[in-house]
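Spelled out from the first residue to the last, the chains are:
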Amino acid sequence: KALSSAPGTAQQLQVEILDAKTREKLCFLDKVEPHATIAEIKNLFTKSHPQWYPTRQSLRLDPKGKSLKDEDVLQKLPVGTTATLYFRDLGAQISWVTVFLTEYTGPLFIYLLFYFRVPFIYGHKYDFTSSRHTVVHLACICHSFHYIKRLLETLFVHRFSHGTMPLRNIFKNCTYYWGFAAWMAYYINHPLYTPPTYGAQQVKLALAIFVICQLGNFSIHMALRDLRPAGSKTRKIPYPTKNPFTWLFLLVSCPNYTYELGSWISFALMTQCLPVALFSLVGFTQMTIWAKGKHRSYLKEFRDYPPLRMPIIPFLL
Amino acid sequence: MGRLTEAAAAGGGASAASSAGPPPNPLPLSATSPGCAATMASSEEDGSNGGSSEAGEEREATGKRRRLGLVATAWLTLYNIAMTAGWLVLAIAMVRFYMEKGTHKGLYKSIQKTLKFFQTFALLEIVHCLIGIVPTSVLVAGVQVSSRIFMVWLITHSIKPIQNEESVVLFLVAWTVTEITRYSFYTFSLLDHLPYFIKWARYNFFIILYPVGVAGELLTIYAALPYVKKTGMFSIRLPNKYNFSFDYYYFLLITMASYIPLFPQLYFHMLRQRRKVLHGEVIVEKDD
């Protein structure tokens, strides 16, 4: 296209979008402003291919390369007057908020079904009865509090980097959360439930740890939220604040996971229920993988990252 | 747990492809592993518990090859030779027993020590993946071997009344032929002298062996059910101080059910691999 030689007029670019796998030409955009962002390009692309809404698009400079970010500006990329972008379909997307709300609401209600012993779960003579053990009532309060907290944090606290995730995640995640919730709740609320070996002492200690970890986890979530202004996607190193619960940042990169692990271990101790311990173990494995990834990203992005910090367990892991 | 999928893909995918519970595995472990690998998102390797995997073969075709250290190659070659020999011994013992006794009753008892030894020894294949001398993912190999260990130790060894069932012979035959083919395939691949007929065997025998093995395994588990129910073996009942229960009978039912989604996936993957490898072979010949 014609190059503008008039001073002050930015040279407009052309963008062609090819399929990353077949190299088929999918779209040709004419007269694109050089300061256009990838997000704007995605919107233009959607116009010609409405089935591929922006969150489903992965655009990259190289068919096998990394996805470009929505904020990337066209003229800052290593492209000529005609930018060639490769497109990959990420598949149907669903918002993080939707997934979180669904996966957390399930356990909340499912646990209560068992707690209130609705018919058909336990034998008929136990329908709508309640356990005679204090710890069972306490466990219900703790479990419910935990998921209510998570729901509220999803709605009011968390600031998500990504808007969406692949749709199939919701099925896997809900199976995980809902399945384990049912499994745990079945035993804790069972008519043949056996209270902890060391009685009230054990329960009190576990409860104390649980409360501390819940407060800790919440404090970290708030601290992380305050790191990032609303609507921005900036990333900064988190540091301890005046809140003592955040001082764990001195030792770990992801204290929210540390506290979460603590919550579940204490819940396992409180209920002395093996399925809870297994849930903690699985969760620990997953959170460790995430913590290590996050830790690595921090190290890569920030030269001055505090060297004492470990990903999830102080000094160890 | 948004990224549950990413992390779980490795696990979940593998288990979806190979087995959620103990999966059917009359098949060459490695033959099914690539199935798992391919069924998952990861397009990596396959489970060659030796040098050349399908992927390896394809790479060979393009002139590249996995570089293994001398010690690793020597060890793997010895391992695969030993396993080939072991399963050959099993095959011969089974044939001799049947020729001498004319019946399958008592056959399992006569070969059980050898079977247990060589099948259990295969746990090493997980280590091979862990240390990276074999390109399969640990999870895939783990699942494969576990399913065999499950059948041998948790079914035939533990539930004595079913040892003389015909179905036991069925899967034993399938496993034996499969393993001999698979381990000799690896051995020859490592030695860089793979006879075409072994490659052919590996990619064609499964067509019959796989369903036969699955049938044998399922029928055996089914035969074991009444004994498991009656004795309540391997089960934990309430109340107990860990507030946990496990019913082996229902576990077996779920295991049997899991074959339904898993077997077709693995089988069709193997068919696709077969077309790719043997079909590719045909093209090369044409170019000659």
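This is a predicted model, so every value here is computed, not measured.

Quick notes on the rules
Residues numbered from 1 in each chain as written. Chains lettered and ligands numbered in written order. Predicted model: local features only at pLDDT ≥ 70, side-chain atom pairs only at ≥ 80, totals over all residues. Heavy atoms only, no water. Axes fitted to C-alpha atoms, helices over the stretch in contact; angles between N-to-C directions. Helix = DSSP H or I, 4+ residues; strand = E, 2+ residues; numbered from the N terminus. Parallel < 35°, antiparallel > 145°, perpendicular 65-115°, else oblique. Left-handed = near helix turned anticlockwise from the far one by under 90°. Contact = heavy atoms within 4.5 Å. Nonpolar A, V, L, I, M, F, W, Y, C, P; charged D, E, K, R; others polar. Pairing = 2+ DSSP bridges. UniProt positions renumbered as here; feature names shortened; annotations may be inferred. Core = buried A, V, L, I, M, F, W, Y, C linked by side-chain atoms within 4.5 Å. Buried < 20%, exposed > 50% of the residue type's maximum accessible area, 1.4 Å probe, protein only.

Asks: Describe the packing of helix α3 (residues 134–156) of chain A against helix α6 (residues 255–271) of chain A, with residues and values.
Replies: Residue and element names in this part refer to chain A. Running from N to C, α3 and α6 point in directions that differ by 160°, and their axes come no closer than 10 Å. For the element pair α3 / α6, the angle class is roughly antiparallel. Every pair of crossing elements has a handedness; the one defined by α3 and α6 is left-handed. Of α6, the residues touching α3 (which contributes Val135, Leu138, Ala139, Cys142, His143, His146, Tyr147 and Arg150) are Glu260, Trp264, Phe267, Met270 and Thr271. Counted by class, the contact of α3 with α6 contains eight nonpolar, three polar and two charged residues.

Asks: Requested: an account of the sheet that holds strand β2 (residues 25–32) of chain A, with residues and values cited.
Replies: In a beta sheet, neighbouring strands are held together by backbone hydrogen bonds and run either parallel or antiparallel to one another. All names here are of chain A. Strand order in the open sheet formed by four strands is β2-β1-β4-β3, and the pairing between neighbours is mixed. Looking at which strands have only one partner, the edges of the open sheet turn out to be β2 and β3 (57–60). Direction aside, neighbouring strands of the sheet carry axes that sit 25° apart on average. Looking at chain direction, strand β1 (residues 13–19) and β2 are connected through five bridges and run antiparallel. Across the sheet, residue Glu16 finds its bridge partner in β2, namely Phe28.

Asks: Quick one: what's the story with the UniProt feature "domain: TECR-like N-terminal" (unreviewed entry) in chain A, residue by residue and with numbers?
Replies: Taking the UniProt record as the reference, the feature "domain: TECR-like N-terminal" (unreviewed entry) is found at residues 14–89 of chain A. Its end C-alpha atoms 22 Å apart, residues 14–89 of chain A is made of 14% helix and 34% strand.

Asks: Account for the nonpolar core, naming residues and giving values.
Replies: Core analysis: the biggest nonpolar cluster contains 49 residues, and Trp87(B), Leu115(B), Ile155(B), Leu172(B), Ile221(B) and Leu252(B) have the highest contact counts within it. Counting residues per element, the ones that place at least two in this core are α4 (70–101), α5 (107–121), α7 (138–156), α8 (166–190), α9 (196–231) and α10 (248–287) of chain B. Tallying contributions element by element places α10(B) first for this core, with 11 residues. When neighbours within four sequence positions are excluded, Trp87(B) is seen to be in contact with Leu115(B), Phe118(B), Gln119(B), Arg148(B), Trp175(B), Thr176(B), Glu179(B), Ile180(B) and Tyr183(B). Formed by 40 residues, the second largest nonpolar core is a distinct cluster that contains Leu108(A), Cys174(A), Ala185(A) and Tyr187(A).

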